[in-house]
Amino acid sequence: MFYREAGDFKTSYVADSQTFPIAFDRWRYYAVLAVAFGVIPFFINDYWANAVLIPFLIYAIAAIGLNILTGYCGQVSLGTGGFMAVGAYAVYKLMTAFPDISIVIHILLAGGITAAVGVLFGLPSLRIKGFYLAVATLAAQFFLVWLFNRVPWFYNYSASGQISSPERTVLGVAVTGPAAPAWASYMICLVFVAVLAWVARNLTRGNLGRQWMAIRDMDIAAEIIGVNPLMAKLTAFAISSFFVGVAGALFFAVYLGAVEVGEAFGIQKSFLVLFMIIIGGLGSIFGSFAGAAFLVLLPVFLKNVLVGGLGWPTDLAAHIELMIVGGLIVAFLIAEPHGIAQLWRVAKEKLRLWPFPH
Amino acid sequence: MPDTLLFAAEVTLNGLMAGVMYALVALGFVLIFKASGIFNYAQGVMALFAALTLVGIQQGQVPFAHLINAVFGTSVHHFGWTVPSLLAIALTVVVMIALAIAVERLVLKYLVNQEPIILFMATIGLAYFLEGFGDVMWGADIKRLDVGLPQGLNSVIDETTFNIFGYGFFIDNLDIVATVIAAALVLSLTVYSQFSRDGRALRAVADDHQAALSVGISLRYIWVLVWAIAGFVALVAGIMWGTKLGVQFSLSLIALKALPVLMLGGFTSIPGAIVGGLIIGMGEKLFEFFVGPLIGGATENWFAYVLALLFLVFRPQGLFGEKIIERV
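What you are looking at is a predicted structure, and each value in this text was computed from that prediction instead of being measured. Along every chain, residues carry numbers that run from 1 in the direction the sequence is written. Whichever chain is written first becomes A and whichever ligand is written first becomes 1, with later ones labelled in order. Reporting in this predicted model follows two pLDDT cut-offs: at least 70 for local features of residues, and 80 or more for side-chain atom pairs to be given and counted; totals over whole chains, interfaces and linings ignore these cut-offs and use all residues.

Visitor: Summarise the overall build of chain B; cite the residues concerned and give the values.
Guide: Helix numbers and strand numbers start at the N terminus; a helix is a DSSP run of H or I with at least 4 residues, a strand a run of E with at least 2. The helix and strand inventory of chain B stands at 14 helices and zero strands. In chain B, the order of α-helices and β-strands from amino to carboxyl end is α-α-α-α-α-α-α-α-α-α-α-α-α-α. Here the C-alpha radius of gyration of chain B, 21 Å, is about what a compact globule of 328 residues would show, namely 20 Å. Remark: C-beta atoms are placed from the backbone, and a residue is labelled buried if 20 or more other C-beta atoms sit within 10 Å of its own, exposed if 12 or fewer do, or partly exposed between those counts. Burial status across chain B gives 43% buried among its 328 residues. By definition, residue pairs are in contact when their C-beta atoms, positioned from the backbone, come within 7 Å. For chain B, long-range pairs separated by at least 24 residues make up 73% of all intrachain contacts whose partners lie at least 6 apart in sequence. In this description the radius of gyration comes from C-alpha coordinates, and the expected globular size is given by 2.2 Å times residues to the power 0.38.

Take a look at the structure:
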């Protein structure tokens, strides 16, 4: 019924190596894109945009970025929050310094700056491995947050120490600032997500992705078969940081609008994105989306049930939410260490054979 | 002696004392890492949980009072009695042992043979769970912890140094107690692991899981044991830090301070944890004292990490860690 290859003959190499080789999968992908671009913008309202859709899209970019580094290249990073802060402050400085240039270019440049910072903090990965590296990336996290807090140049000497995004337009429609309509904020995030996910998917399928995976599976063996660990690890750090930087820039400019660095980009954010890729699935682009969706929706859902449904006080609900998130992570790791993406793969295999499983 | 030098000496001493406090947390990490290869991120939250439980028992709080009130519409808070400190500590140890058994039964048992990174993530999940659990059980407000430890300026040191240098050193009594307790703890742990039957089994497991299993050591028992010991170390750290800062959420963040200590000392070495703690404690206080004012202050947030990072580039296994040998 579903996911049948039968009758779907490939007649060219291009057709054979496409991202979604199964026709059903391909059409489902087009359908999702069509709904996201053609239907949701007309029905979106402020609550859905701010509570669910925009954070989901932005976290999806950050999760893809971290997944490239951790899931594909095997380098655990706890510095995601710090790198998001770099993206946010870079875009803020660019927006205020060059107000005439399009914000899209600013966001991409912010990603580039974050990539450079990421490479800098990625350099020790050539010597340090495993847990030592994970803890070493915390140096990036704490140092960057401290830097943005203490050096007034980064927040343009504003009295509050906060940064807030001025209004910028794309094609004549405001996308940042308080006057931006929900659909415009949603659309700019969606465009970035769609393009970056496409780039990530194809990077991980290609030469570079295979090098990363070889390094992840066993770095010494990879080195012996001719993968250059310096290049592989540093490209992973650079590209991952680019994604995370773009996510940080969007998080600040489009989603929050005003940011206090310790609060918005603290260590909690690093762990949140890490959880997304664990729950979603390490080494899977779809998993990044699934994990982001899960961890964005879960608090909203729990809040609605516990506070709205049962009428419990919010602080109690917040603590129970912590317990449930922690418990779910452990449960997920026990039941399916490869995350939602693996569940999805298993489900697809089942569907292919359904209704005659033998 | 010039004033700056005296100041620096005082800062160094205080840094060393603070380092002992970091080392107390780092000890718990090392114990679990050695025995099971698990990097237990939840150690800091365990310290918080232990301190919360201790205060709760001491003051006769009703566990889960907040939850019970929310569900049944009652308003219970305290049983109306207080428990003496020593009994409360003993009861908390029982709770921590129960926690160790629960962790082994519910989590670790299912994760045998998983990759270290998966186990690490599981302990992060555990940390979240415990944090929420502790808050639901005992409430999230800041509590004062007082088990009768001396606190405040040590007047003997103050007077002696004043008589010698003409400047009194400020040393907190609590830090001195912490140093003594840490020394006793390390000594007893070393004796325990060297000479007792369980201690030898523990070292055997740390050396090689499979070989230990094949000579008849129960892995699960050892894991419960080591988590219980780590729980006890967490309790000691929780008492020290709780007395110093009050029992509150930020207590769990001391785990983050212990990480660079571990990196510096090596994940597998108990003396390394102590020496690493001393270096970090002294280094960050001195750096804050000399360089901090020039670049905006509050350098303690990141100095330890950057120091550890730079150090690791030259010696990836830490000061006392086992030499990393890699094979294909």
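Visitor: Outline the overall build of chain A, supporting the account with residue identities and numerical values.
Guide: A count of helical and extended segments in chain A gives 15 helices and four strands. Taken over the C-alpha trace, chain A has a radius of gyration of 21 Å; the compact-globule value for 358 residues is 21 Å, and the two agree within 12%. When the backbone C-alpha atoms are referred to their principal axes, chain A occupies close to 70 × 55 × 45 Å. Residues counted as buried form 46% of the 358 residues belonging to chain A. A separation threshold of at least 6 residues defines the contact pool for chain A, and within that pool the share at least 24 residues apart is 75%.

Visitor: Provide a residue-level description of the interface of chain B and chain A, including the pertinent values.
Guide: Across the boundary between the two partners, chain B contributes 41 residues, which contact 37 residues of chain A. Contributions of two or more residues to the side of chain B that touches chain A are made by α3 (65-72), α5 (116-138), α11 (254-265) and α14 (303-314) of chain B. The element contributing the most residues to the side of chain B that touches chain A is α5(B), with 16 residues. For the side of chain B that touches chain A, the class distribution of residues is 32 nonpolar, six polar and three charged. Gly is put with the polar residues, along with every residue not named as nonpolar or charged; the nonpolar set is Ala, Val, Leu, Ile, Met, Phe, Trp, Tyr, Cys and Pro, and the charged set is Asp, Glu, Lys and Arg.

Visitor: Outline α11(B), listing residues and values.
Guide: Multiplying one less than the number of residues by 1.5 Å gives the expected span of a helix. Over its 12 residues, α11(B) extends 17 Å from the first C-alpha to the last, a length consistent with the 16 Å expected when each residue adds 1.5 Å. Among the 12 residues of α11(B), 12 are classified as buried, and the element is accordingly described as predominantly covered. For α11(B), the complete set of buried residues consists of B:Ile254, B:Ala255, B:Leu256, B:Lys257, B:Ala258, B:Leu259, B:Pro260, B:Val261, B:Leu262, B:Met263, B:Leu264 and B:Gly265. The secondary structure elements touched by the buried residues of α11(B) are α6 (130-150) of chain A together with α1 (3-36), α2 (43-58), α10 (219-245), α12 (270-290) and α14 of chain B.

Visitor: I'd like a description of the packing of helix α14 (residues 314-335) of chain A against α5(B), backed by residues and values.
Guide: It is the contact of α14(A) with α5(B), at a shortest axis distance of 7 Å, that shows an interaxial angle of 155 degrees. When the interaxial angle is binned, α14(A) and α5(B) end up roughly antiparallel. Judged by the sense of rotation from one axis to the other, the crossing of α14(A) with α5(B) is left-handed. A class-by-class count of the residues in the contact of α14(A) with α5(B) yields 17 nonpolar, five polar and two charged. Angles here are taken between N-to-C directions and fall from 0 to 180 degrees, while the axes themselves are lines fitted to C-alpha atoms, restricted in helices to the stretch in contact. Between 65 and 115 degrees an angle is taken as roughly perpendicular, under 35 as roughly parallel, over 145 as roughly antiparallel, and anywhere else as oblique. Left-handed describes a crossing whose near helix is turned anticlockwise from the far helix through less than a right angle; right-handed describes the clockwise counterpart.

Visitor: Go over the packing of helix α3 (residues 46-72) of chain A against helix α13 (residues 285-309) of chain A with me, naming the residues and quoting the values.
Guide: Think of two packed helices as two axes; the pair is described by the angle between the axes and how far apart they sit. Residues and elements named next belong to chain A. The geometry of α3 relative to α13 is characterised by a closest axis approach of 8 Å and an angle of 140 degrees between their N-to-C directions. In terms of orientation, α3 and α13 fall into the oblique class. Where α3 crosses over α13, the two elements pack in a sense that is right-handed. Facing α3, whose interface residues are Ala 51, Val 52, Pro 55, Phe 56, Tyr 59, Ala 60, Ala 63, Ile 64 and Asn 67, α13 presents Ile 285, Gly 287, Ser 288, Phe 289, Gly 291, Ala 292, Ala 293, Val 296, Leu 297 and Val 300. For the contact of α3 with α13, the residue count by class is 15 nonpolar, four polar and no charged.

Visitor: Give a description of the environment of A:Gly257 that names residues and reports values.
Guide: Residue and element names in this part refer to chain A. Turning to its location among the elements, Gly 257 is positioned in the loop between α10 (229-256) and β4 (258-259). As a C-alpha pair, Gly 257 and Phe 2 span 255 residues in sequence and 44 Å in three-dimensional space. Not counting residues within four places of it along the chain, the set of residues in contact with Gly 257 comprises Ser 164, Ser 165, Gly 177 and Pro 178.

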